[in-house]
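# Examination of the molecular architecture
Residue-level listing of the chains:
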Amino acid sequence: MSEAGPVRVAVFGLSPVTRERLDSLTRTVRELSDVDKLARGLPGNTHVVASVHGRVRFQGTVTGTRTVFTARLDDVPIAGDRADVLAELTGAEPDEDLVAASVTYGMLFAPLSERGWWRGVRQVAPDSCLVIPGDGPARAVRWWQPPEPDLPMSQGAAGVRERLREAVAQRQPDRGRLSADLSGGMDSTSLCFLAAENRPDLLTFCWTGGSAINDDPLYAGQAARLLPDAEHLTVPDTDAPPVFSPPYWAVDTEAPRAATRGMNAIRFGIQHLVEHGATRHLAGHGADELFTGGAAYLRTLFLRRPVTAWRQLSAHRALNSWPLLPSLTGLLRGGDLGAWWRRCADDLARTTSPSRAPALGWGERLPATPWATGDAVRTTQTVFREVADQVVPLARDRGQHEALTALRSAGPVLRLVCREYAAAGLPLELPYMDDRVVEAVLSVLPHERYSPWRYKPVLATAMRGLVPEVILNRTTKGDCEEPVDRALQEHVPDLLDLFDDSLLARRGLIDPDRLRTTLITPPRTEDVWSAQLEATIGAELWLREIVSRTTPLSASAGPARSGTGHQRRTPDLEETP
């Protein structure tokens with residue numbers, strides 16, 4: 001907290017800024033718009049609240065890992081970082097249109113993922129701040145623009161290295177031990193070597209096992225041998241509760257969880273870390289969204305450097321077996337983002353998946369969940385068309401838009417992940433989602449950032465000399481889908497028990513018979529409903545938690561059963577084995 005005359009600034013969250021530095025920044029503020037510069041100078045992951053001459057400004061992070069919600073109470077604007085708290089204060093009801101969209105489509109993408117799950121409670125976009133003037137309605141004002149992606153790899157990677165090093169160095173626990181995932185992948189391994197610069201006694205955590213083709217543990221073992229002062233905690237995935245296993249629960253009521261299959265394994269991992277003295281944990285979540293992308297950037301690249309675009313398209317075609325004509329069509333066709341959302345709405349009426357065209361447009365389109373009712377589908381189509389009427393690209397460069405969409409879609413999911421860790425007593429830190437790290441990566445030219453010939457080239461270049469070459473040169477990614485598919489089939493009876501007397505079914509959003517048929521039918525390789533199942537589970541648990549907090553147990557959705565674990569449980573989270 002800092003004060004300079006009529007200006008007050010408070011920073012909440014993780015930031016290494018000293019009181020003296022914040023005082024210096026605060027003295028430069030004359031108007032609310034001056035907070036733009038102050039916020040851009042803050043490393044870390046924080047909320048910033050400022051008051052200038054009685055006018056208040058409130059903002060979170062540019063990826064939505066920290067966000068701002070607003071509502072009106074007795075015609076007075078209020079704001080906070082928890083939508084469910086504002087909903088309780090104002091008597092807001094769940095937004096069942098958004099629940100329908102989640103059940104019908106699965107994980108929702110930005111900007112739909114940034115819509116509040118409670119009617120009357122609005123989420124402020126991550127690139128905007130909430131301004132409360134004191135004598136009128138609150139309004140959202142966009143303050144952040146993505147950087148122009150114009151830096152070559154050699155220059156941009158140096159900035160990424162420094163921002164990541166700074167982000168990891170500032171995450172030292174005041175007491176206890178610093179722990180970190182060491183999966184063997186480039187993301188988590190890079191964080192471990194950066195953390196060991198300041199904390200050589202780091203505690204690393206690695207699941208072993210998985211499918212027969214999962215080579216993550218092999219690479220994790222090689223990395224661990226090069227961190228001799230660290231303690232390495234390895235846990236067989238067979239020791240953890242299988243994915244999709246009961247009990248099923250929701251940690252809070254801000255929003256449904258989109259990722260639900262590994263909740264109990266995550267809790268198991270957190271308990272192990274806490275028992276070994278961990279008080280702060282590093283994870284590489286968000287790195288996939290930050291360092292990898294599709295080929296959408298080729299459209300913008302073609303308009304500027306057609307020869308380079310053609311060469312890279314040829315490489316993408318060879319890697320993904322894309323046919324020539326659809327690839328050329330995608331490269332040449334401009335297309336409108338609103339039109340893409342309308343096509344998504346139209347595709348929901350199809351009984352089969354849309355044709356897998358080359359990923360040169362605005363994103364992949366999916367069919368409706370097999371168990372979504374006609375009412376749920378029609379509601380979702382209406383929601384998508386409302387988005388189409390208002391949506392605008394997040395950046396002029398198509399690749400930059402794709403990156404921001406991925407990051408801002410992951411932000412709300414990871415926000416709930418962090419809260420689950422915190423509730424279990426172990427704060428989770430995600431350095432890849434820090435504003436300054438994101439800006440550094442987005443400054444690199446997209447065709448170098450997403451080169452089809454290299455895996456995560458920006459991160460690999462940035463970490464060269466710090467992380468072993470065997471990790472940076474790795475071209476594979478661990479595969480855990482085989483045990484996931486097997487566990488899903490083993491726990492079909494538990495999932496059917498969960499959806500017995502379903503609140504979603506009571507609301508006419510899912511067809512229990514079609515859900516049963518889908519679950520007991522052996523999956524096919526072309527099925528895409530596994531992620532949609534997780535979203536459906538999340539929506540069901542969310543509604544049950546809301547009912548359990550507002551209704552006596554005897555009148556709630558049904559008695560707690562040992563198979564489904566409807567009683568409230570202590571939360572958990574971590575990489576799923």
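Up top is the structure.
So, how was this worked out
- Residues numbered from 1 in each chain as written.
- Predicted model: local features only at pLDDT ≥ 70, side-chain atom pairs only at ≥ 80, totals over all residues.
- Heavy atoms only, no water.
- Helix = DSSP H or I, 4+ residues; strand = E, 2+ residues; numbered from the N terminus.
- Rg over C-alpha atoms; globule rule 2.2 N^0.38 Å.
- Buried < 20%, exposed > 50% of the residue type's maximum accessible area, 1.4 Å probe, protein only.
- Contact = heavy atoms within 4.5 Å.
- Areas by Shrake-Rupley, 256 points an atom, 1.4 Å probe, with all protein chains shown as cover.
- Lys, Arg positive; Asp, Glu negative; His and termini not counted.
- Charge placed at Lys NZ, Arg CZ, Asp CG, Glu CD.
- Salt bridge = Lys/Arg side-chain N within 4 Å of Asp/Glu carboxyl O.
- Pairing = 2+ DSSP bridges.
- Axes fitted to C-alpha atoms, helices over the stretch in contact; angles between N-to-C directions.
- Phe/Tyr/Trp six-rings, centres within 6.5 Å; stacked < 30°, edge-to-face > 60°.
- Lys NZ or Arg CZ within 6 Å of the ring centre and 35° of its normal.
- Expected span 1.5 Å × (residues − 1).
- Arc of directions from axis to C-beta.

### So, the overall build of the chain
- Of regular secondary structure, the chain possesses 24 helices and 14 strands.
- Computed over C-alpha atoms, the radius of gyration of the chain comes to 24 Å, within 12% of the 25 Å expected from 2.2 N^0.38 for 577 residues, which places it in the range of a compact globule.
- With the C-alpha coordinates aligned to their principal axes, the bounding extent of the chain is approximately 60 × 60 × 55 Å.
- Of all 577 residues assigned to the chain, the portion counted as buried reaches 55%.
- Long-range contacts, defined as pairs at least 24 residues apart, comprise 75% of the intrachain contacts of the chain with a sequence gap of at least 6.
- With the model as given, the accessible surface of the chain reaches about 24,000 Å², and the carbon-plus-sulfur share is 52%.
- The average position of the 65 basic charges and that of the 73 acidic charges among the side chains of the chain differ by 5 Å.

### Let's talk about the pattern of salt bridges
- Inspection of the entire model under this criterion finds 41 salt bridges.
- The closest approach of N and O atoms between R165 and E162, which form a salt bridge, is 3.7 Å. Here E162 and R165 lie together in helix 5 (residues 153-169), a separation of three residues that amounts to about one turn.

### Details of unusual backbone geometry
- Following A110, the chain continues to P111 via a peptide bond in cis, the omega torsion being 10°.
- Inspection of the secondary structure assignment puts P111 in the loop between helix 4 (96-105) and strand 7 (122-123).
- Geometrically, the link from P246 to P247 is a cis peptide bond, its omega value of 5° lying close to zero.
- Positive phi outside glycine occurs at K456, with the angle close to 45°.

### Things to note about the sheet that holds strand 2 (residues 7-14)
- Taken in spatial order, the six strands make up an open sheet running 1-2-3-4-8-9, and their pairing is antiparallel. Both edges of this open sheet fall to strand 1 (2-4) and strand 9 (139-142), since each of them pairs with a single strand only. Strand-to-strand twist in this sheet, taken as the mean axis angle between neighbours without regard to direction, amounts to 20°.
- Strand direction decides the pairing type here: strand 1 and strand 2, joined by three bridges, are antiparallel. In the sheet register, A4 faces strand 2, and the bridge partner there is V7.
- Sitting on the sheet, helix 1 (residues 19-26) is in contact with strand 1 and strand 2, with an inclination near 35° to strand 1.

### Brief notes about the sheet that holds strand 5 (residues 69-73)
- Pairing is antiparallel in the open sheet, where three strands are placed in the order 6-5-7. Two strands lie at the open edges of the sheet, namely strand 6 (76-80) and strand 7, each paired on one side alone.
- Summarising the sheet, strand 5 and strand 6 pair through five bridges and their orientation is antiparallel. Its bridge partner lying in strand 6, T70 is registered against A79.
- Sitting on the sheet, helix 3 (residues 83-90) touches strand 5 and strand 6, and the angle it makes with strand 5 is about 5°.

### Some remarks on the packing of aromatic side chains
- Scanning the model with the defined rule gives nine aromatic pairs in all.
- Centroid distance Y105 to F384: 5.2 Å. Interplanar angle 80°. Geometry classified as edge-to-face. Separated by 279 residues along the polypeptide, Y105 in helix 4 and F384 in helix 14 (residues 374-390) bring together distant segments of the chain. There is no split in this pair, since Y105 and F384 are both buried.
- Plain terms: the ring middles of W118 and W542 are 5.5 Å apart, the flat faces sit at 75° to each other, and that makes the pair edge-to-face. Taken together, the residues span a long stretch of sequence, with W118 in the loop between helix 4 and strand 7 and W542 in helix 24 (residues 530-550) at a distance of 424 residues. A single burial state applies to W118 and to W542, both of which are buried.
- Above the face of the W362 ring, R398 is positioned so that its terminal group lies 3.9 Å from the ring centre.

### Concerning the pairing of strand 5
- Hairpin connection, strand 5 to strand 6: the antiparallel pair is bridged by two residues, and D74 has positive phi, about 55°.
- Summarising the sheet, strand 5 and strand 7 pair through two bridges and their orientation is antiparallel. Directly across from T70, in strand 7, lies its bridge partner R122.

### Focus on helix 14
- Here helix 14 spans 25 Å end to end across 17 residues, near enough to the 24 Å set by a 1.5 Å rise per residue.
- Residues of helix 14 that are buried: A376, V377, T380, Q381, V383, F384, V387 and A388. All buried residues of helix 14 fall inside an arc of 165° around its axis, so they share one side. Facing away from the buried side of helix 14 by more than 90 degrees, the exposed set consists of D389 and Q390.
- For helix 14, the secondary structure elements touched by its buried residues are helix 4 and helix 13 (337-347).

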